[in-house]
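Listed here are the chains, written in short residue letters.
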Amino acid sequence: MAEIWGTRGLSPANKSVFNYKVENFQRLLKICGKSGFDSPSFDVVGLDGKMHPLKLKIKHYSCYNCNEGYPVSGFYEGGERSMDEFVLFQVDITDIPAGLLLAGTFDVELDGKTILGSIGNAEKDQFERSNTIESFTNKSSTVTIRCNAGSIEVCNIFSVATTKDKLEIKVQLTTPGIMIGSTSLVPNDQSVQEVGMNRLLADFKFLLTSVDNYADFSIVCQGQNFPCHEAILRARSPVLDKMFLQKMNEWRSREMIMDDVKKETVGYFLEFVYKGEVTKKVKNDDELIYVADKYNIVGLLELCLHRLPEVEESKVVDMLVLADRHNLQDFKKLMMQRVLKDKTKFLKDEDFVAKLKETPHLLMDFFQL
């Protein structure tokens, strides 16, 4: 009798991030009207393991019942708003292939505040399946549309002042993962290795959640104590490994004071050290970049840099030096291209020139680019 082994499962969920900036937003919205305009395409991975190109569609919202064509006379969103001063729009995802499951969030920067939207819930495995997602649900506020036929509350419409000419959107979409499966007479090596790695990761996560029972070291920040493990810190950070190796004061006292960042940043730092990820929304990216650089945790630094939607001009040289110090070649090349694109302006910046003089080898790198 032959014993057959069959496996079926899903790989970890795939997350895609798309940053979209719309210049001349008001003019585009006026010209394209209710038909809207599309973003450039971006790819997500489906259950079949293939890349599927999607697009965002932004369109003007002029009435809540297009069949009867009632014009909007005004709306309420935290206060009465006039259609002379604001326009309404909605954001959809289009070109979705049949069978593609999606969940996600998006952030829209409007008038100095971030408006949050969502479809489905990836954490609860609530994915939507549709040819068009119509549209993101506005989580920040409900808009009450007023027209000749009365009023109606909607939660998928967004308002923007007519003076706003630039729109910035960050979309994070999650697909369930890739469907995997196999049949064999014996368990294959890859399956055994995957199970082993998943168990190892689960064990490390367990260490963080039950750290009070096994901790042999502490990090103290803003009066809060963060129990942890010397062995884990040494394995993840060359700087901390050297501190323990040289038996500095922290090794003797069994605690380290981190008073140059906020306690939330220490929490993000330790989550990455133990789990290899940061699951919470980071409030201060600059602080986390600083900690990653200070303790030479390249993986955390790379994660932080890739989460930045756009680096401000005043920080370009700092990010360039940072990427060079940790050998992050892709990000270093990106910062160098930013400088070359507007080199006359950067060369007039005294701070930029002074910092570049401190790292003269970067000048040679510019010539070789």
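Residues numbered from 1 in each chain as written. Predicted model: local features only at pLDDT ≥ 70, side-chain atom pairs only at ≥ 80, totals over all residues. Heavy atoms only, no water.

Chemist: Teacher, can you tell me more about the environment of Gly 104 here?
Modeler: Here Gly 104 lies in strand β9 (residues 101-110). Residue classification places Gly 104 among the buried residues on the basis of a relative accessible area of 10%. Taking the C-alpha atoms as reference points, Gly 104 and Ser 118, separated by 14 residues in sequence, lie 5.7 Å from one another. Contact partners of Gly 104, with chain neighbours within four places excluded, come to Gly 117, Ser 118, Ile 119, Gln 172 and Leu 173. (Helix = DSSP H or I, 4+ residues; strand = E, 2+ residues; numbered from the N terminus. Buried < 20%, exposed > 50% of the residue type's maximum accessible area, 1.4 Å probe, protein only. Contact = heavy atoms within 4.5 Å.)

Chemist: Mind showing me how you'd approach the packing of helix α10 (residues 316-325) against helix α11 (residues 329-341) here?
Modeler: Two quantities define a packed helix pair, namely the angle between the axes and the distance from one axis to the other. Running from amino to carboxyl end, α10 crosses α11 at an angle of 150°, the nearest separation of the two axes being 8 Å. Classified by the interaxial angle, the pair formed by α10 and α11 is roughly antiparallel. As α10 packs across α11, the resulting crossing turns out to be left-handed. The segment α10 lies against α11, with Val 316, Met 319, Leu 320, Ala 323 and Asp 324 engaging Phe 331, Lys 332, Met 335, Met 336, Arg 338 and Val 339. (Axes fitted to C-alpha atoms, helices over the stretch in contact; angles between N-to-C directions. Parallel < 35°, antiparallel > 145°, perpendicular 65-115°, else oblique. Left-handed = near helix turned anticlockwise from the far one by under 90°.)

Chemist: Any chance you could explain the environment of His 306 here in plain terms?
Modeler: By the element assignment, His 306 lies in helix α9 (residues 298-307). Its relative accessible area of 57% is what places His 306 among the exposed residues. For the pair His 306 and Val 17, spaced 289 residues apart in sequence, the C-alpha separation works out to 9.9 Å.

Chemist: Would you mind showing me how to read the sheet that holds strand β19 (residues 224-228) here?
Modeler: Judged by pairing direction, the sheet is mixed, and its 3 strands sit side by side in the order β19-β18-β20 without closing on themselves. Of all the strands in the sheet, the pair left with one neighbour each is β19 and β20 (255-257). Put simply, the sheet's adjacent strands are angled 25° from each other on average, direction ignored. Note that strand β18 (residues 217-221) and β20 share 3 bridges and pair parallel. Paired with Val 220 across the two strands is Ile 257, which belongs to β20. Running at roughly 10° to β19, helix α7 (residues 263-275) makes contact with β18 and β19 of the sheet. (Pairing = 2+ DSSP bridges.)

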